[in-house]
Amino acid sequence: EEIARETFESGTNATNSLTYLQSKGARIIFIMCYIYDFVNVFREAIKLEMTGDGYLWLASDSSLLSIPEKDNDILDELQGSIGFYPSRGSGEKLESILEQLDSDSYSYAITAYDASYSFGNALHKMLEIDNYYPYVNEDFRDTLFQYLKQVNFSNGIHPGTVSFNENGDRVIPYSVLNFNNNDNTWEVVGSIDADSYTEYDNLRWPGDRTEPPQDRPTTIIYEIPMAVSVVVLILGSLGIIGCIGSTIFIVKNRKLPVMIALRVNLSLAVIVFISLGYTSMILSVFYTPIACIQGMWLLHISFNGSISISLLKAWRLRALISSSKKKNPKINPKALNDANLWKAVCLYMFIILSILTVWSVTSPIKPAEIIDPGNNYLVYRTCTYSESWFPYVIYSIEGVVLSYGIYLSFATRSIVWNEYNESGSIAVCVYCSVIIATTFIPISALLNETDVETLFILETGGTWVISTSFLSSMIISRLRMMYGDQKPSVKNSRNLAKLTAGSFRVSSQQM
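None of these values were measured; they are calculated from a predicted model. (Residues numbered from 1 in each chain as written. Predicted model: local features only at pLDDT ≥ 70, side-chain atom pairs only at ≥ 80, totals over all residues. Heavy atoms only, no water.)

**Things to note about the overall build of the protein**
Phase 1: The number of helices and strands found in the protein is 16 helices and 12 strands.
Phase 2: Counting across all 511 residues of the protein, residues that qualify as buried make up 44%.
Phase 3: Accessible surface, the protein as shown: approximately 27400 Å² in total, 58% of it carbon and sulfur. (Helix = DSSP H or I, 4+ residues; strand = E, 2+ residues; numbered from the N terminus. Buried < 20%, exposed > 50% of the residue type's maximum accessible area, 1.4 Å probe, protein only. Areas by Shrake-Rupley, 256 points an atom, 1.4 Å probe, with all protein chains shown as cover.)

**Observations concerning the pairing of strand β3 (residues 82-86)**
Phase 1: Taken across its five residues, β3 has four buried, putting it largely inside the fold.
Phase 2: Pairing analysis gives three bridges linking strand β2 (residues 56-60) to β3, with the strands arranged parallel. Paired with A59 across the two strands is G83, which belongs to β3.
Phase 3: For β3 and strand β7 (residues 174-180), the ladder comprises five bridges, and the chain directions are antiparallel. (Pairing = 2+ DSSP bridges.)

**What about the pattern of salt bridges?**
Phase 1: Applying the stated criterion to the full structure yields five salt bridges.
Phase 2: Put simply, K125 and D130 hold a salt bridge, and the shortest N to O gap is 3.4 Å.
Phase 3: With relative accessibility at 32%, the residue K125 sits in the partly exposed group.
Phase 4: In this structure, the salt-bridge partner of D338 is R316, at a minimum N-O distance of 2.7 Å. Separated by 22 residues along the polypeptide, D338 in helix α12 (residues 338-362) and R316 in helix α11 (residues 289-324) bring together distant segments of the chain. Just as D338 is buried, R316 falls in that class too.
Phase 5: A single network of salt bridges, built from pairs that share partners, joins R263, R316 and D338. (Salt bridge = Lys/Arg side-chain N within 4 Å of Asp/Glu carboxyl O.)

**Re the packing of aromatic side chains**
Phase 1: Applying the stated criterion to the full structure yields six aromatic pairs.
Phase 2: Ring centres of F38 and F42 lie 5.3 Å apart, and the angle between their planes is 25°; this geometry places the pair in the stacked category. In this pair, F38 and F42 are both assigned in helix α2 (residues 35-47), four residues apart and thus about one turn of the helix distant. The burial state of F38 is the same as that of F42; both residues are buried. (Phe/Tyr/Trp six-rings, centres within 6.5 Å; stacked < 30°, edge-to-face > 60°.)

**Here's the deal with unusual backbone geometry**
Phase 1: A positive phi angle, near 60°, is found at E49, a position not held by glycine.
Phase 2: Phi at N131 takes a positive value of approximately 50°, unusual for a residue other than glycine.
Phase 3: Take N131: it is sitting in the loop between α6 (106-129) and α7 (137-149).

**Notes on the side chain of T463**
Phase 1: With respect to the secondary-structure elements, T463 resides in helix α15 (residues 452-483).
Phase 2: For T463, the side chain forms a polar contact with the main-chain oxygen of E459, separated by 2.8 Å.
Phase 3: Not counting chain neighbours up to four residues away, the residues in contact with T463 comprise G277, S280, M281 and L299. (Polar contact = N/O pair within 3.5 Å; in protein donor to acceptor, adjacent residues only side chain to side chain. Contact = heavy atoms within 4.5 Å.)

**Some thoughts on empty space enclosed by the protein**
Phase 1: Applying the stated criterion across every chain, the model contains three cavities of 30 Å³ or more.
Phase 2: Estimates place the volume of the second largest cavity at around 100 Å³.
Phase 3: Mapped onto the lining of the second largest cavity, the elements with two or more residues apiece are α11, α14 (423-446) and α15.
Phase 4: Looking at the lining of the second largest cavity residue by residue, the classes come out as five nonpolar, three polar and two charged. (1 Å grid on protein atoms, 1.4 Å probe; cavity = no way out; pocket = protein on both sides within 12 Å on 5 of 7 lines; lining within 4 Å. Points joined across faces, edges and corners; volume = space filled by probe spheres on them. Nonpolar A, V, L, I, M, F, W, Y, C, P; charged D, E, K, R; others polar.)

**Notes on the pairing of strand β8 (residues 185-192)**
Phase 1: Relative to β8, β7 runs antiparallel, the two sharing seven bridges. What sits directly across from F179, in β8, is W186.
Phase 2: Hairpin connection between β7 and β8: a loop of four residues separates the two successive antiparallel strands, and N184 in this loop has a positive phi of roughly 55°.

**Remarks on the layout of surface pockets**
Phase 1: In this structure, the second largest pocket encloses a volume near 700 Å³.
Phase 2: As for the second largest pocket, its lining consists of 28 residues, of which A4, L21, I29, F30 and I31 are closest to the centre.
Phase 3: Of all the elements in the fold, those that place two or more residues in the lining of the second largest pocket are α1 (15-23), β1 (28-31), α2 and β2.
Phase 4: The element contributing the most residues to the lining of the second largest pocket is β1, with four residues.
Phase 5: Each residue belonging to the lining of the second largest pocket can be placed in one class, and the counts come to 17 nonpolar, three polar and eight charged.

**Side note on the nonpolar core**
Phase 1: Counting 59 residues, the largest nonpolar core has I250, I307 and L471 as the members making the most contacts within it.
Phase 2: Taken together, the elements giving at least two residues each to this core come down to α8 (226-252), α9 (257-261), α10 (264-283), α11, α12, α13 (390-411), α14 and α15.
Phase 3: Setting aside its immediate chain neighbours within four residues, I307 contacts V401, L402, V430 and F470. (Core = buried A, V, L, I, M, F, W, Y, C linked by side-chain atoms within 4.5 Å.)

**Concerning the environment of L256**
Phase 1: By the secondary structure assignment, L256 is in the loop between α8 and α9.
Phase 2: Take L256: its relative accessible area is 34%, and that puts it in the partly exposed class.
Phase 3: Along the primary structure L256 and M482 are separated by 226 residues, whereas in three dimensions their C-alpha atoms are 8.7 Å apart.

**Focus on the sheet that holds strand β6 (residues 170-171)**
Phase 1: Taken together, three strands build an open sheet; the order of strands is β4-β5-β6 and the sheet is antiparallel. Strands at the two margins of the open sheet, each flanked by one partner only, are β4 (152-153) and β6.

**What about α13?**
Phase 1: For α13, spanning 22 residues, the distance from its first C-alpha to its last is 32 Å, which sits close to the expected 32 Å at 1.5 Å a residue.
Phase 2: Within α13 the residues assigned to the buried category are F390, P391, I394, E398, V401, L402, G405, L408 and S409. The arc enclosing the buried residues of α13, seen along the axis, measures out at 120°, which places them on a common side. Within α13, the exposed residues directed more than 90 degrees away from the buried face are Y392 and V400. (Expected span 1.5 Å × (residues − 1). Arc of directions from axis to C-beta.)

Shown next as structure tokens:
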């Protein structure tokens, strides 16, 4: 089966033609050209790694068999190449012709000799013997072609006679030659004619193999480079270790005023959500149905869980500060206790989980193989899903939440009560998430679906940056409050703890 065909003008660069053949997966290449063109083409093929083991080059005598010995770079790569050479005859006429020619021009001269005699015989029979003189150009061409197919003569150069078959192809036995670069010689390994092919046992293929290369390459499954996968696994594992260490740190210091005021249960919940983000990174390395689905679930659950708790804590602090400065506050501080905060988080996560569930049922994310449009034998593995509106819904919700996060971060920038103002750390996480979303998502949209490595790096890199910003900001803020210059008072710690539990109303004087 012919996979692809390319033509190029003599004396021009054939790199584009070779690249096209390579993209189509051609491994057995038959070339017909002049010797100087072949030298240039083969050098380009060497640069493109289209020679040697896995490739087979076949050519007529005028291409392969006349390569000068000075072109060592080409001869070194010709191991196993196949050439076709008209079988020589014998006799005085052949010897007299060979005496006048050098080895480089032999094939051209013999071909010209045969062609001249063939046309001469055909014209002689048509004009002199049959006295047929066609005047119309097209009739002349067709008539001469018919006479050429009747040519049958012996010129003493080739064995047998010079003749043509019904298709106008030359009927002549060809020697099949195999190049051996150990001594830069062509060895006769078989013969071929119109009816048969005889092969000898000593034929060597490229790469010094005893078996011929495949006419089509084995399908190549593109995998994410091992180095990239290892880096992602290491970063994800370090992130999970960081979450475990942060959990131990908070639990161990849970009775300190800082931890009590900033709510141990909410802090631990954020860490759990962050750890899911790191877990999704690790799962993204594996292309299995479970890994694809769980990776998508964990990614969205991690982000939405972390951002919802963080923003609600910042919103509650702002509401408490605002209500404490008013004689008749619109917000009852008791309504801002942890129980009600958890209700809001659960309601929001229920919406997110519902969307993810319907999305997974109607258009599940699953492993898929994407064929490279430029190379039908290069296949990329990735996680994909059919067209659905659910991704747009969940991304829109997350976009709205981030937009509100920007507003809230700006609104809480100047809260006077700094002892337990965690809004600064939360603002860092929000801004970091916004930067990642507004840069990585547009870049991913512009990339081709076969750019799986770049898409993989963007997705896992963005996940790691956002997760790490949440984790580090939360721990750094607590360390700063515990060991910073302005240590919080026990009284205010208890006040805030009681306030967020809904057991007492703080006054502006207490703030």
